[in-house]
Amino acid sequence: MKLPDKQISMEDAIAHIGDGATVMLGGFGVPGTPFALIHALVRHGARDLTIIKNDANEPDMGVDHLLKSRQVARLITTHLGLNGRAIELMNSGKIEVEFNAQGILAERIRAGGAGLGGFLTDIGIGTELAEGKQVVEFGGKTQIIEPALRADVALLHAARADSFGNLAYVATARNFNPLMAMAADCVIAEAECLLPLGGLAADDIHTAGVFVDHVTELGSLSEEYAVVQR
Amino acid sequence: MVARAAREIQPGMVVNLGIGLPTRVINYLSADFPVCLHTENGLTGIGPTLPPEQADRNLIDAGGAYVSTLPGSAFFDSATSFALVRSGRLDLTMLGAFEVADNGDLANWKIPGKFSPGVGGGIELAQKARRVVVLTTHTDRAGNPKLKDRCTLPLTARRCIGRVFTDLAVIDVGPNGFHLVETAQGVSVAEVKEATGAPLIVPDTPLPSF
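Here the residue numbering is sequential within each chain, running from 1 through the sequence in written order. Going through the entries in the order they are written, you letter the chains from A and number the ligands from 1. Reporting in this predicted model follows two pLDDT cut-offs: at least 70 for local features of residues, and 80 or more for side-chain atom pairs to be given and counted; totals over whole chains, interfaces and linings ignore these cut-offs and use all residues. Based on all heavy atoms of the structure, the side-chain values leave hydrogens and waters out of the count.

Visitor: Talk me through the overall build of chain A; I want residue IDs and the actual numbers.
Guide: On a plain count of helices and strands, chain A comes out with 6 helices and 11 strands. Our radius of gyration is a C-alpha quantity, and the globule rule it is checked against amounts to 2.2 Å times the number of residues to the power 0.38. In terms of C-alpha radius of gyration, chain A reaches 18 Å, essentially the compact-globule figure of 17 Å for 230 residues. Exposure classes here rest on a 1.4 Å probe applied to the protein chains alone. A residue is buried below 20% of its type maximum, exposed above 50%, and partly exposed in between. A buried classification covers 57% of the 230 residues belonging to chain A. Excluding contacts between residues fewer than 6 apart, the proportion of contacts in chain A whose partners are at least 24 apart in sequence is 72%. Only the protein chains shown count as covering a residue, and every accessible area follows the Shrake-Rupley method with a 1.4 Å probe. For chain A, the accessible surface area stands at approximately 9200 Å², while carbon and sulfur atoms represent 51% of it. Comment: elements are numbered from the N terminus, with helices defined as DSSP H or I runs of at least four residues and strands as E runs of at least two. The contact definition used throughout considers only heavy atoms, calling two residues in contact when any of these lie within 4.5 Å.

Listed below in structure tokens is the structure:
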């Protein structure tokens, strides 16, 4: 037996993303953000997207390219502090923004990937983040029902992958990537280094390839992946 | 005040330092002090901050600063990172503040109409760390008190603050309001009272200064 080959070109991987799709993007700041796949999505041009990402990157980086090209209708996120354009678009009503507490966003995605409908939490009780949410008494406590979150597509960044789509991340580039890898109908990973089968030791794999649909190798890394000079 | 706040950290603690002023506390922790610093984006065991020329592009803290690891550091995903926070494994967090009320309410994420970048991990840190302290200037840029009888801005979490470190004083939040614990050198009790927007309980005994 032999594990299937999931290598694909970036363009082919992105091609079937339709207008109105919900797209998860890995990354927390620069580390783990799939910059090349985001550029491919800009070139592809799908519009009216719902983007799920921890943050909106910084001006002229990552998510910001999708905001500039006006492909984003809705952003589900935790913090936009480093991207003034995202805040402007939100304040002028040109994009809809749903803020989640960071760990709640992570857990909603984890629940989506685990085949669960949602979970109970007391996070945000007594604050405006709880407004409009369904509340139940359970376990002697007032708790919010947080629904699981899934997407049509997840775009991920890994340091290393093999041709079956097994993924390994480095340092703080892991963040949301392994969670989103389990929570979308179609999971596309870009990898800095794409190895043949057996190139990643089974014990060193962070996301099992069974969750990944397509894997594509990055050539030389663009400036966006580099250390940010502030 | 940052140096005074650093003394709040006890050996063996797991600590999260919030973005802004609290991050500077790291400069007052010596290389052999036993503590485990956590950052929300997936690291325990934060090492010294690095300049861009020495930085690893994949290694940042939640504020985007380039940091390093220590022997024993560990990386994990964002769900694990907040499992750590929500399940009570964080002994202490130090946060910034727009307003602290004398019942312990904290507002530090939104000024309606002016500043609404999102809450990030702040709610979970404020609500779930075993001890939550604030590190802030005593007044805002316009000179208005940040310590008040109630918060007027959207809350981050209710009744979460144990202690406040400012440029003027160390103040505890007790069951019946703000208690003055220490004053900064050269600052009188009257000055602290004047700059505080809620009643301040002052002990009869002489106060230490920092």
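Visitor: For a nonpolar patch on the surface, give the residues involved together with the corresponding values.
Guide: The patches reported here contain residues having more than 30% relative accessible area and no salt bridge. Joining distances are 9 Å for like charges and 5 Å for nonpolar side chains (Val, Leu, Ile, Met, Phe, Trp, Tyr). The term salt bridge refers to a pairing of a side-chain nitrogen on Lys or Arg with a carboxyl oxygen on Asp or Glu at a separation within 4 Å. Residues Met182, Val210 and Phe211 of chain A make up a contiguous nonpolar surface patch of roughly 260 Å² in combined accessible area. Note that Val210 of chain A resides in the loop between β10 (184-195) and β11 (214-217).

Visitor: Help me get a handle on the interface of chain B and chain A, residues and values and all.
Guide: Counting residues at the interface gives 38 residues for chain B, matched by 43 residues for chain A. Put simply, buried area is the surface a 1.4 Å probe can reach on two separate parts but cannot reach once they are joined, added for both. Buried surface at the junction of chain B and chain A, summed over both partners, amounts to about 3200 Å²; 59% is from carbon and sulfur atoms. Area buried by chain B at its contact with chain A is led by Arg57, Asn58 and Pro117 of chain B, which between them contribute 20% of it. Connecting chain B to chain A are 4 salt bridges. For the salt bridge of Lys110 of chain B with Glu128 of chain A, the shortest nitrogen-to-oxygen distance reads 2.7 Å. Counting of polar contacts relies on pairs of N or O atoms within 3.5 Å, with two restrictions inside protein: one atom must be capable of donating a hydrogen and the other of accepting it, and residues adjacent in sequence are counted only when both atoms are side-chain atoms. For the interface between chain B and chain A, the tally reads 18 residue pairs in polar contact (both at pLDDT 80 or more). Listed by contribution, the elements that provide at least two residues to the side of chain B that touches chain A are α2 (78-86) and α3 (122-128) of chain B.

Visitor: Explain the side chain of Thr183 of chain B to me, and be specific about the residues and the numbers.
Guide: On the secondary structure map, Thr183 of chain B appears in strand β12 (residues 177-183). In contact with Thr183 of chain B, other than residues within four places in its own chain, are Leu168, Ala169, Val192, Leu207, Pro208, Ser209 and Phe210 of chain B.

Visitor: Before we move on, could you go through the pairing of β10 of chain A and cite the residues and values that matter?
Guide: For a regular strand, side chains alternate in direction, first toward one face of the sheet and then toward the other. Residues and elements named next belong to chain A. Note: strand β8 (residues 151-162) against β10, 10 bridges, orientation parallel. Each bridged residue has a counterpart across the sheet, and for Asp162 the counterpart in β10 is Leu195. By this definition, two strands are paired if DSSP reports at least two bridges between them. Sheet topology note: the β10/β11 ladder contains 4 bridges and is parallel. The residue of β11 that forms the bridge with Ala191 is Glu217.

Visitor: Explain the sheet that holds strand β1 (residues 14-17) of chain B to me, using residue names and the numbers behind them.
Guide: One open sheet holds the 10 strands; their spatial order is β4-β3-β2-β1-β5-β8-β10-β11-β12-β13 (chain B), and the pairing between them is mixed. Two strands close off the open sheet at either side, each with one partner strand: β4 (68-75) and β13 (200-201) of chain B.

Visitor: Any chance you could break down the environment of Ile123 of chain B for me, citing the residues and the numbers?
Guide: Along the chain, the position of Ile123 of chain B falls in helix α3. Residue Ile123 of chain B is classed as buried on the basis of its relative accessible area of 0%. With 53 residues separating them in the primary sequence, Ile123 of chain B and Asn176 of chain B have C-alpha atoms 24 Å apart. Those residues in contact with Ile123 of chain B that sit more than four places away from it in its chain are Ile123, Gly124, Thr127 and Leu129 of chain A together with Thr156 of chain B.

Visitor: How would you explain the nonpolar core if you had to name every residue and give the values?
Guide: Membership of the largest hydrophobic core comes to 54 residues, with the highest contact counts inside it found for Val25, Leu106 and Ile161 of chain B. Apart from the residues within four sequence positions on either side, Val25 of chain B is in contact with Val2, Ala5, Ala6, Ile9, Leu17, Met94 and Leu135 of chain B. Take the buried residues of types Ala, Val, Leu, Ile, Met, Phe, Trp, Tyr and Cys, join any two whose side-chain atoms come within 4.5 Å, and each joined set is a nonpolar core.

Visitor: Let's hear about the pattern of salt bridges: which residues, and what values?
Guide: All names here are of chain A. Applying the stated criterion to the full structure yields 22 salt bridges over all chains. In this structure, Glu107 and Arg110 form a salt bridge, with 2.8 Å as the shortest nitrogen-oxygen distance. Of this pair, Glu107 and Arg110 both sit in helix α5 (residues 102-113), 3 residues apart, which is roughly one turn of that helix. Accessibility expressed as a relative area gives 12% for Glu107, which makes it buried. For Arg110, a relative accessible area of 40% translates into the label partly exposed.

Visitor: Now, about the pairing of strand β3 (residues 72-77) of chain A: what can you tell me, with residues and values included?
Guide: Residue and element names in this part refer to chain A. Sheet topology places strand β2 (residues 49-52) next to β3; 4 bridges connect them, and they run parallel. What sits directly across from Leu49, in β3, is Val72. Here is how to tell: hold the view so the strands point away, follow the path from the first strand over the helix to the second, and if it runs clockwise the crossover is right-handed. Between the parallel pair β2 and β3, the chain is carried across by helix α3 (residues 63-68), and the sense of this crossover is right-handed. The pairing of β3 with strand β4 (residues 96-99) spans 4 bridges and is classified as parallel. Along β4, the bridge assignment pairs Thr77 with Phe99. Chirality of the crossover, the property in question, places the unit of β3, helix α4 (residues 84-91) and β4 among those that are right-handed.

Visitor: With reference to specific residues and values, describe the packing of α5 of chain A against α2 of chain B.
Guide: Note on method: axes are straight lines fitted to C-alpha atoms, helices fitted across the in-contact stretch only, with angles between N-to-C directions ranging 0 to 180 degrees. Packing of α5 of chain A against α2 of chain B brings their axes to within 8 Å, and their N-to-C directions diverge by 125°. Relative to α2 of chain B, the element α5 of chain A lies oblique. Of the two possible hands of crossing, α5 of chain A and α2 of chain B adopt the one that is left-handed. In this structure, α5 of chain A contributes Gln102, Gly103, Ile104, Ala106, Glu107 and Arg110 of chain A to the contact, and α2 of chain B contributes Ser78, Ala79, Phe82 and Arg86 of chain B. Residue classes follow a fixed rule: Ala, Val, Leu, Ile, Met, Phe, Trp, Tyr, Cys and Pro count as nonpolar, while Asp, Glu, Lys and Arg count as charged, and any other residue, Gly among them, counts as polar. Residue composition of the contact of α5 of chain A with α2 of chain B, grouped by class: 4 nonpolar, 3 polar and 3 charged. An angle below 35 degrees is read as roughly parallel, one above 145 as roughly antiparallel, one from 65 to 115 as roughly perpendicular, and any other as oblique. The sense of a crossing depends on the near helix, which, turned anticlockwise from the far helix by less than a right angle, makes the crossing left-handed and, turned clockwise, makes it right-handed.

Everything listed here is a matter of geometry and, on its own, says nothing about what the molecule does.
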